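Descriptive structure summary
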Amino acid sequence: MTSEATAEWEKVLGIFSDEAEGLVASMEENLIALEVAPADSLLQAILRGAHTLKGAAGSLGFQAVTDYTHGVEDLLQALIDRRVAVDEERVSLLLGAVDHLRDLSRASLAGVDSLGAVHRAHLARLKQGASPHPAPEAACAPAPASLPRIQDNPGVKRGRSRMDLERLDRIVTLTAELSVARGRMTQFLSRAEESGASWEDALAQQREMDPLFEELQEEVMKVRMVPVGPLFRQHLRTVRDLARSQHKQALLELEGEDATLDTAVLDALRDPLLHLLRNALDHGIESPDERRAAGKDPRGHLRLRAFHDAGSVVVELTDDGRGIQRDKVRERARERGLVTAPERLRDDELLRLIFEPGFSTAASVTELSGRGVGMDVVRRDIEALRGSVSIQSQEGRGTTLTLRLPLTLAVIQGFAMGVGDQVYVVPIEGVQECMEVPADERTTQASGVLSLRGQPLPYLRLRQVFDLGGGLPARENVVVLKHPDGMVGLAVDELQGEGQRVIRPLGKLFQGIPGISGSTILGDGRVGLLLDTPSLVRRAIHRASEHPEAPPSPQDFPPPTDAPRAPSRQSPLPE
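I will try to describe carefully the structure that is included in this document.

Thresholds, definitions, all that
Each chain carries its own residue numbering, running from 1 in the direction its sequence is written. The predicted origin of the model limits local features to residues at a pLDDT of at least 70 and limits the giving and counting of side-chain atom pairs to 80 or more, whereas totals for whole chains, interfaces and linings rest on all residues. Side-chain metrics rest on all non-hydrogen atoms present in the structure, leaving aside hydrogens and water. Strands are runs of DSSP state E lasting at least two residues, helices are runs of H or I lasting at least four, and both sets are numbered from the N terminus onward. Categorising residues by exposure relies on relative accessible area from a 1.4 Å probe, with only protein chains included: less than 20% of the type maximum marks a residue as buried, more than 50% marks it as exposed, and the intermediate range marks it as partly exposed. Here, two residues are considered to be in contact whenever any of their heavy atoms come within 4.5 Å of each other. Reported accessibility uses the Shrake-Rupley method at a 1.4 Å probe radius. Residues are deemed covered only where the shown protein chains occlude them. To obtain each axis, a line is fitted to C-alpha atoms, and for helices this fit is confined to the stretch in contact; angles are then taken between N-to-C directions over 0 to 180 degrees. Any angle that is under 35 degrees is reported as roughly parallel, and any over 145 degrees as roughly antiparallel; angles of 65 to 115 degrees are reported as roughly perpendicular and all others as oblique. Note: crossing handedness is left-handed where the near helix turns anticlockwise from the far helix by less than a right angle, and right-handed where it turns clockwise. In this classification, Asp, Glu, Lys and Arg are treated as charged, Ala, Val, Leu, Ile, Met, Phe, Trp, Tyr, Cys and Pro as nonpolar, and every other residue, Gly included, as polar. In a helix, the anticipated span is given by 1.5 Å times the number of residues less one. Classification of ring pairs uses Phe, Tyr and Trp, with its six-membered ring standing for Trp, and accepts pairs whose centres are within 6.5 Å; under 30 degrees between planes counts as stacked, over 60 as edge-to-face, and the remaining range as tilted. Neither His nor the chain termini are counted; the positive set is Lys and Arg, and the negative set is Asp and Glu. Salt bridge, as used here: a side-chain nitrogen of Lys or Arg that lies within 4 Å of a carboxyl oxygen of Asp or Glu. Paired strands are those between which DSSP finds at least two bridges.

**Focus: the overall build of the protein chain**
Across its full length, the protein chain carries 17 helices and 17 strands. Scored against the burial criterion, the 575 residues of the protein chain give a buried share of 43%. Contacts spanning at least 24 positions in sequence make up 67% of the contacts within the protein chain whose residues lie at least 6 apart. About 29800 Å² of surface is accessible on the protein chain, with carbon and sulfur atoms providing 51% of the total.

Structure representation (structure tokens):
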């Protein structure tokens, strides 16, 4: 096969891969819905999906997928004809068949076009499920425990996204308009001297181009935005299977599936969301007997909701379970020495303890939770996305966990602050206000506490925290930041204001520096450092609460000697 033919074949395989994944995912979602509320329309939709998959596989010569899907269709047709009843056992059989179809499709793409023993065993169970009077020995035959692992074909690229043609047309149009504007600017500059043009005229020409640049950037950023629906729908099966493993009943309801996120944010959301669902099913949702005794529906309900709010995406997970038992939280906090007097904590402070490393109220370790690592991982991963997590709970009524995430990791509205010759940036949504440090409060200590309208405000002095050296400036300002863990201030030399910042990852040399999470190129070509505000907030509050009389020294923030100092750039970015 020629290289051109090989390339075309790989494109065909890629199309089949996308189509197969979409079809089996749709079948899986409809089967979950069928188990809750059986309906002929759902059965017909599942059968159409199976038939379409069989046709696509047959057109490519994937005989294993074709043969297996034929057995799935037989059971579905028996259910449609009412020769057998829709029950939990047959829905489980069909959900298992979905897993096999997914596996066989990937195996075919990897060049393995045959039914293994595990597939044939499950196919036999499907045939028995389609019979009103299954043979006893066949009905009782155990199925192999797991599917073989198939390596993905490296020639078939995964993770493709489809671009809206209207958006693509708009990008092309904007690019053409920018080309015209650039030509006008070039012509203007080449004739500026002989025409006697002023700087004001040049700026006017530049301002005409600004809206085009901004609109093009917005359209390009939207290309990376994808709806949360596919990720949410993956967990319909997760909740169903995890609940059954705990001998519970649970139903996941979805809202706001059209809300969009940057693909990088969405990918990073997968693990935290799975941790939250596992935790809700293990700690929150009660057994059917407990729920009946409490006057609840034996089936627990979880709601996963997403919506846009003030330039962010909010993801809420709500359950109607037992809620968080405050007495257990206080008892465990006291046992682990997290706080000396947990009864004095506000309710929000008490609930935030569940995000502490190693914290768990479970009496024993289960497959789902009890080791105290899940919620800590959730907070760490969400804050790594420059997001935040909060919790509300009513005992006996349920719990709501709220994740607030940025729309994208590539660009932020940032507030720049100068300290010596360095520039630091924080996301603008966390900035509440700025204030001047009173003359009698100015010290060389790395931290302190100011009074903000009668309330204590712990603050960090970035010059000492990052060991930048130099003397105190003539005027010192504090940028007040709000965070779920509290309100703190950052003492800086200069306030440089807000602006749009393109975030760049730190190089290997600078990764892992406490208090620094990224970098950005400033308007003058220098490098600014993006502050890890959650880390700084917790350090300030922790130090102020434990040792109010002893502010932290620079050794409490142990970066390398020159680590927080951004590398200089001798020239601005190229055009």
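There is more to say after this.
**Points about the packing of helix H3 (residues 63-80) against helix H4 (residues 88-109)**
The interhelical angle for the contact between H3 and H4, taken along N-to-C directions, is 160 degrees, at an axis separation of 10 Å. When the axes of H3 and H4 are compared, the pair comes out roughly antiparallel. For H3 against H4, the interelement crossing comes out left-handed. Of the residues in H4, those touching H3 at Ala64, Val65, Tyr68, Thr69, Val72, Leu75, Leu76 and Leu79 are Arg90, Leu94, Ala97, His100, Leu101, Leu104, Ser105 and Ser108. Residue composition of the contact of H3 with H4, grouped by class: 11 nonpolar, 4 polar and 1 charged.

**Quick look at H4**
With 22 residues, H4 should reach 32 Å at 1.5 Å per residue; the first-to-last C-alpha distance of 32 Å fits that figure. H4 sits mainly inside the fold: 17 of its 22 residues count as buried.

**Considering the packing of aromatic side chains**
For any pair of aromatic rings, geometry is given as the distance between the ring centres together with the angle between the planes. Counted according to the given criterion, the structure contains 2 aromatic pairs. With 5.3 Å between their ring centres and 20 degrees between their planes, Tyr424 and Phe466 make a pair best called stacked. Of this pair, Tyr424 sits in strand S9 (residues 422-427) while Phe466 is found in the loop between helix H16 (462-465) and strand S13 (477-483), placing the two residues 42 residues apart along the sequence. We classify Tyr424 as buried; its relative accessible area is 0%.

**Points about the side chain of Asp376**
Its location among the elements puts Asp376 in helix H15 (residues 374-384). For the buried Asp376, no salt bridge is present, and the opposite-charge side chain at shortest range is Arg379, 4.9 Å distant. Setting aside anything within four residues of it in sequence, one finds Asp376 in contact with Phe355, Glu356 and Pro357.

**Observations regarding the sheet that holds strand S11 (residues 447-452)**
The strands making up a sheet are joined through hydrogen bonds of the backbone, oriented either antiparallel or parallel. Taken in spatial order, the 5 strands line up as S10-S13-S14-S12-S11 in an open sheet, and their pairing is mixed. What marks the edges here is a single partner per strand, and that holds for strand S10 (431-436) and S11. Between one strand axis and the next, the sheet turns by 30 degrees as a mean value, whatever way the strands run.

**Some remarks on the pairing of strand S4 (residues 300-309)**
Regular strands place side chains that alternate from one sheet face to the opposite one. Summarising the sheet, strand S2 (residues 250-255) and S4 pair through 6 bridges and their orientation is parallel. Within S4, the residue paired with Leu252 across the bridge is Leu302. Where S4 lies against strand S5 (residues 312-319), 8 bridges are found, and the strand directions are antiparallel. Directly across from His308, in S5, lies its bridge partner Val313.

**With respect to the pairing of strand S8 (residues 411-419)**
The buried fraction of S8 is high, at 8 of 9 residues. Two elements, S8 and strand S15 (residues 494-504), share 8 bridges in a ladder whose sense is antiparallel. Bridge assignment links Gly414 to a residue of S15, and that residue is Gly499. Of the strand pairs in this sheet, S8 and S9 are connected by 6 bridges, and their pairing is antiparallel. Bridge pairing in S9 places Gly418 opposite Val423. Connecting the antiparallel pair S8 and S9 is a turn made up of 2 residues, with Gly420 showing a positive phi of about 60 degrees.

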